[in-house]
Amino acid sequence: MINPSHGPDDSAFALSWDAVTDAAERVDGYAPLNEQATLDLAAGRRTPFLLRDGDAAVGALVLGSGELDLVVHPEFRRHGHATVALTELFGDPAYAAAAPDDLTAWAHGDHPAARALAGRFGFDAARRLLQLELALDAAAPPASAAPERATAREEDDAIVIAAFDPETDADAWVVLNARTFAIHPEQGGITAADLAARMNEAWFDAGDFLVARVGGALVGYNWLKIEPGAAEGEIYVVGVSPEWSGHGLGRRLMTAGLERLRQRGATRATLYVEGDNVPAVRLYRSLGFTDRSVDVQYRRRTR
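Keep in mind the model is a prediction, meaning the values are calculated, not measured.

1. Description of the overall build of the protein
Here is step 1 of the chain: Along the backbone of the protein there are eight helices and 12 strands.
Here is step 2 of the chain: The buried share among the 303 residues of the protein stands at 46%.

Laid out in structure tokens, this is it:
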């Protein structure tokens, strides 16, 4: 059932893989793999497997870095293929090292079938990731994207919001991001190499990466993501230095980001936020963001 005999460099494997993932995205309305899984596959940090029933590719599975991703082709769902694949995975010693007891798995869309499958194989819900959206043409126009003076904190603190400079800001941003997301399992671990990989993506535009400076030091940022030709833009990640948290800088960065998206022609903004991040959820809802979807991360119970 699980076919590890060919990798992504094999053309037949690649065609079957794309057929599964593309069909799932068309039917479900979202990609079956998140960005981190896709980047890890490209870098060789995780391993792709095809699920087969005879000659038919019925699903795709990604394993590595302590995480599991599984998608079944829409035409072959509700036939037990996911159950067979996970039974094989957890019962075969060959996969034991890549499938530790505390393995995590994302369920995009929080479907009842995913919940049932998770419970059957000893996974408990550990995180809820909300995707929110905002129609930009219905939102009140925000203030200027780059005000000269701060209104967040003290009047004599000059905050400058400007575009990210890859030559001078990269190292400082990695440090700031690690401090800002010190307890975040993915975002806080981004390295200089991870940043470089993202800057090489087709969607990257330094003008969409807004950074806030006080006296030349980075104190916050709002990184935007607009896929080529897309009508919507994503608030990719917003971060504020811990010492500036609670002083209104996050709202200023969000306001600047929404204005930038408008300038770029986006008609809708989206973002992801941890469901238990109460201050951030409150901020986004106050700006008019509403629910779009929910992703759930499951963690396998340790024995």
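2. Observations concerning the packing of aromatic side chains
Here is step 1 of the chain: Scanning the model with the defined rule gives 15 aromatic pairs in all.
Here is step 2 of the chain: Ring centres 6.0 Å apart and planes at 40 degrees place the aromatic pair Phe90 and Phe121 in the tilted group. One end of the pair, Phe90, is in helix H3 (residues 81-91); the other, Phe121, is in the loop between helix H4 (112-120) and strand E6 (123-135), and 31 residues separate them in sequence.
Here is step 3 of the chain: Residue classification places Phe90 among the partly exposed positions, given a relative accessible area of 21%.
Here is step 4 of the chain: For the pair Trp173 and Phe209, a centre-to-centre distance of 5.7 Å together with 85 degrees between the ring planes defines the contact as edge-to-face. In this pair, Trp173 sits in helix H5 (residues 166-180) while Phe209 sits in strand E8 (residues 209-214), placing the two residues 36 residues apart along the sequence. Like Phe209, Trp173 is buried.
Here is step 5 of the chain: One aromatic cluster is present, built from ring pairs that chain together Phe164, Trp173, Trp203, Phe204, Phe209, Tyr221, Trp223 and Tyr236.
Here is step 6 of the chain: Arg300 extends its terminal NZ or CZ atom over the ring of Phe90, reaching a point 3.8 Å from the ring centre.

3. Section: the pattern of salt bridges
Here is step 1 of the chain: Considering all chains together, one arrives at 22 salt bridges under this definition.
Here is step 2 of the chain: In this structure, Glu35 engages Lys225 in a salt bridge whose closest nitrogen and oxygen atoms are separated by 3.3 Å. With Glu35 in helix H2 (residues 35-43) and Lys225 in strand E9 (residues 217-225), this residue pair connects regions lying 190 residues apart in the sequence.
Here is step 3 of the chain: By relative accessible area, which is 24% here, Glu35 ends up partly exposed.
Here is step 4 of the chain: With relative accessibility at 12%, the residue Lys225 sits in the buried group.

Conventions and cut-offs
Residues numbered from 1 in each chain as written. Predicted model: local features only at pLDDT ≥ 70, side-chain atom pairs only at ≥ 80, totals over all residues. Heavy atoms only, no water. Helix = DSSP H or I, 4+ residues; strand = E, 2+ residues; numbered from the N terminus. Buried < 20%, exposed > 50% of the residue type's maximum accessible area, 1.4 Å probe, protein only. Phe/Tyr/Trp six-rings, centres within 6.5 Å; stacked < 30°, edge-to-face > 60°. Lys NZ or Arg CZ within 6 Å of the ring centre and 35° of its normal. Salt bridge = Lys/Arg side-chain N within 4 Å of Asp/Glu carboxyl O.

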